[in-house]
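# Fold and contact review
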Amino acid sequence: MPSSVETTPLLHPEEENNNEKDQRRGRWVNVLLFSLLAVGIYVGAVYVRERVQTKKPVTGKQPNIIFIITDDQDATYDSLKYMPSVQKWLVRGGATYQNHFVTTPVCCPSRTSSMKHFPLAGTQQRSFNVMPPHGGYTKWIKDDLDKDYLPGWLKAAGYSTWFTGKFVVEYSLDNYIRVPRAWDVFDAFVYPWTFRFDIPVFSRNGEWPIIYKGQYQTDVLAQKTLAFVDSAVALKKPFFIYTAPAACHTTVYAGDIKNRPENPIDAVSFEPPIPADRHKHLFSEVELPRPPNFNASREDKPAWLRTLPYLSQQNATYLTWAYRQRLRSLQAVDEFVEDLFTRLQASGELDNTYVFYTADNGYHLGAHALGMGKEFFIEEDIRVPMLARGPGIPAGSVVTEQTLHLDLAATFTALSGAGLPRITDGKVFPIIRDLPGVKADSQLKRPATLVEFWGNGIDEALRRPFLNNTWKAVRTDDAKYVVHCTGERQLYNLPEDPYELNNLLPPGSTLDSIPSRKIVDRLDALLSLLAHCSGETCVDPLASIRHPITRKPLTTLAEALDPSLDPYFNNIAKFGFIGCPEWYDPVNEISAFDTNEEKRNAKAYTEQGGTTVFPGFALDAWSKVELQIVRAEVEALGTPLVKERWMEDVGRFLRDPKLRDAFR
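A brief structural summary. (Residues numbered from 1 in each chain as written. Predicted model: local features only at pLDDT ≥ 70, side-chain atom pairs only at ≥ 80, totals over all residues. Heavy atoms only, no water.)

Now for the side chain of arginine 328. Considering the arrangement of structural elements, one finds arginine 328 in helix α9 (residues 313-347). Of the buried charged residues, arginine 328 lacks a salt bridge, with glutamate 285 as the closest side chain of opposite charge at 8.5 Å. A distance of 2.5 Å separates a polar atom in the side chain of arginine 328 from the backbone oxygen of leucine 282. The contact partners of arginine 328, leaving out residues within four places of it in the chain, are Pro275, His279, Lys280, Leu282, Phe283, Ser284 and Trp321. (Helix = DSSP H or I, 4+ residues; strand = E, 2+ residues; numbered from the N terminus. Buried < 20%, exposed > 50% of the residue type's maximum accessible area, 1.4 Å probe, protein only. Lys, Arg positive; Asp, Glu negative; His and termini not counted. Salt bridge = Lys/Arg side-chain N within 4 Å of Asp/Glu carboxyl O. Polar contact = N/O pair within 3.5 Å; in protein donor to acceptor, adjacent residues only side chain to side chain. Contact = heavy atoms within 4.5 Å.)

Position of glutamate 452 relative to the elements: it lies in strand β15 (residues 448-453). The exposure class of glutamate 452 is buried, given its relative accessible area of 4%.

Time to look at the packing of helix α7 (residues 217-234) against α9. At a closest axis distance of 10 Å, the pairing of α7 and α9 adopts a crossing angle of 15 degrees. The orientation of α7 with respect to α9, classified from their angle, is roughly parallel. Along this stretch, α7 crosses α9, giving a crossing that reads as right-handed. Contacts between α7 and α9 involve Thr218, Asp219, Leu221, Ala222, Thr225, Leu226, Val229, Asp230 and Val233 from the former and Ala332, Val333, Phe336, Asp339, Leu340, Arg343, Leu344 and Ser347 from the latter. Along the lines of polarity and charge, the residues of the contact of α7 with α9 split into 10 nonpolar, 3 polar and 4 charged. (Axes fitted to C-alpha atoms, helices over the stretch in contact; angles between N-to-C directions. Parallel < 35°, antiparallel > 145°, perpendicular 65-115°, else oblique. Left-handed = near helix turned anticlockwise from the far one by under 90°. Nonpolar A, V, L, I, M, F, W, Y, C, P; charged D, E, K, R; others polar.)

Bringing the nonpolar core into the picture now. Generally speaking, nonpolar side chains in soluble globular proteins are found buried as a group. Counting 88 residues, the largest nonpolar core has Phe167, Trp183, Phe240, Tyr242, Phe356 and Tyr357 as the members making the most contacts within it. The element best represented in this core is α9, accounting for 8 residues. Formed by 41 residues, the second largest nonpolar core is a distinct cluster that contains Tyr82, Val106, Phe294 and Phe376. (Core = buried A, V, L, I, M, F, W, Y, C linked by side-chain atoms within 4.5 Å.)

What follows concerns the packing of aromatic side chains. The geometry of two aromatic rings is summed up by the distance between their centres and the angle between their planes. Counting across every chain of the model gives 35 aromatic pairs. A cation over a ring is seen here: lysine 224 above phenylalanine 202, with NZ or CZ 4.8 Å from the ring centre. (Phe/Tyr/Trp six-rings, centres within 6.5 Å; stacked < 30°, edge-to-face > 60°. Lys NZ or Arg CZ within 6 Å of the ring centre and 35° of its normal.)

Evaluation of the coordinates by the stated rule reveals 35 salt bridges. The partner of glutamate 589 in a salt bridge is lysine 472, with the nearest N and O atoms 2.5 Å apart. With a gap of 117 residues between them, glutamate 589 in strand β22 (residues 589-590) and lysine 472 in strand β18 (residues 471-476) connect regions that are remote in the sequence. The exposure classification of glutamate 589 matches that of lysine 472, with both residues buried. Several salt bridges share partner residues, and in doing so they unite Glu379, Arg383, Arg475, Lys480 and Glu500 into one network.

Another aspect to go through is the pairing of strand β2 (residues 95-101). The element β2 is extensively covered by neighbouring structure, given that 5 of its 7 residues are classed as buried. The sheet contact formed by β2 and strand β13 (residues 386-389) spans 2 bridges and is antiparallel. Pairing of threonine 96 across the sheet is with leucine 387, part of β13. Note: β2 against strand β14 (residues 397-404), 6 bridges, orientation parallel. Opposite phenylalanine 101, over in β14, you have leucine 404 as the bridge partner. (Pairing = 2+ DSSP bridges.)

This paragraph deals with the sheet that holds β18. The strand order across the open sheet built from 4 strands is β15-β18-β19-β20, with neighbouring strands paired in antiparallel fashion. If you trace the sheet from one side to the other, it starts and ends with β15 and β20 (489-493), each paired once. Sheet twist, expressed as the average angle between the axes of neighbouring strands with direction ignored, equals 15 degrees. One ladder, built from 5 bridges, connects strand β19 (residues 479-484) with β20; its direction is antiparallel. Opposite valine 483, over in β20, you have arginine 489 as the bridge partner. Sheet strands in contact with helix α12 (residues 517-531) are β15, β18, β19 and β20, and its direction is about 115 degrees off that of β18.

Take it as geometry only, folks, not as evidence of what the structure does.
What follows is the structure, encoded as structure tokens:
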């Protein structure tokens, strides 16, 4: 097995002349500004219509729906290219959604959003991390997240509901008896074996976990799913099957993560996924794709990213081996897809079944020298595969409109004939016209997306922690604007710079000194709106801003770029964070469009000299601070009093030089 130990540097990025780079940034700003004005990104009530023409189903039956969601599968390193059955049945036989994104690039929030599709201001969804106390199945139960969600809506529409595979992390030996509501059959992976491909452990409907000794995890999941199809067809009613293989997630040898030792990264060990024995010999000649951002220069990136060492040749060899292992682990998924479609065809249900295929988040392998993992704002992490096949979907079609995991539950309920749920920020995938109970504008184009993460990141190859990785971003078809909890900002012209190599807001720049000020002002306002929106504002953010002269709501970003509006947008306070905690807390964010009393108090606190940004702490020091100041009160953190006390304690910690230095 190749080692991930660093040796000599692999790449030495060439330094560019600063004047040339400044000139190039200026040209890109002009191109970006022109494209925004010319195209007119629609974020209001009027949208650009751009979609494939489809046909209605020929039958009057409610369609079956099967949802396949893999783990950590990339959309940018060609993993689908090596899955021939997926290519046959879903790519050539259905639709490819080229611009499908997750709103949080890590498993549990992403999976939750596909079943709940809260409004973007839904704090329950956002506060859902991977492990307790701010996430995991423990929090799922505590917050009753299964009280009003997708399988319940489909059951109410007459569907049988079936689940197998990975639900959320930490459905475990401690809590497996309490199964989530609304599933007729719930047969899930049990933690800590969730990512052990060689030790499949399942619990069916809360019964004693079963270890399938000597079998491969994906194969067991495949057999369970095929049995679901047989049983569901026999019921002679429409069915919804949610099947979630762990491939191609890293193999995780989990220790006592739940009790969070001072250095939580020591509680786990990561290795590339273990393939089935029959696939271990494959792809030995396949090389890891190396796009322009592989191990690329980071001189214009945030401070913590600039300080990372570049990947060595041995690091790159390890990443190539990991890439091959990922492809090998996906071969069992590909065989499962072949068996699934064959079974649907034999049952006579293929022509009345929608099959959706996606992943919970993307994955990077060497991009910007980050090693391998997810959790970042980069395209590799937020863009995921999305394929769909079913009645009315043209074979071999490509959809370029932006779609999200937030749209999945709305799409499934619309296809069932039940219309849209009562509260949703989701839109219906552009599949079929005139679905029952679905307004026309719920299928129109979404041109802007809020993406976010909170906490620390991990390099799963080198086991490096990345601190202060709390950020929020707004992505349009043409631009990505990122605000970090450390105060640093990034802007990318995506058509000209798809690999995000040239930050138009480089370190040391100020808003008054950059040629992109006009764009930043508008995108920051859009980010502030989406970050703390409610109701219709989440779907139509600019409509809440009225033109200061006409008093009419703004409908497009192109309209917002009117020079007469420059003073208005210049004067809107920029979005920001108070600090960098590792969970979502609305009090931690400052938005000019938020009227929450707690946040106004938090802003006043920072203006008086308090701060909770943690610059450059080592992981063990950050954990000590977190354990001492936060963990003891985490259960009561939802009350304003405790939040205020938390901010005071952390601010006092940072202002005390002796205490601060003791934890460096």
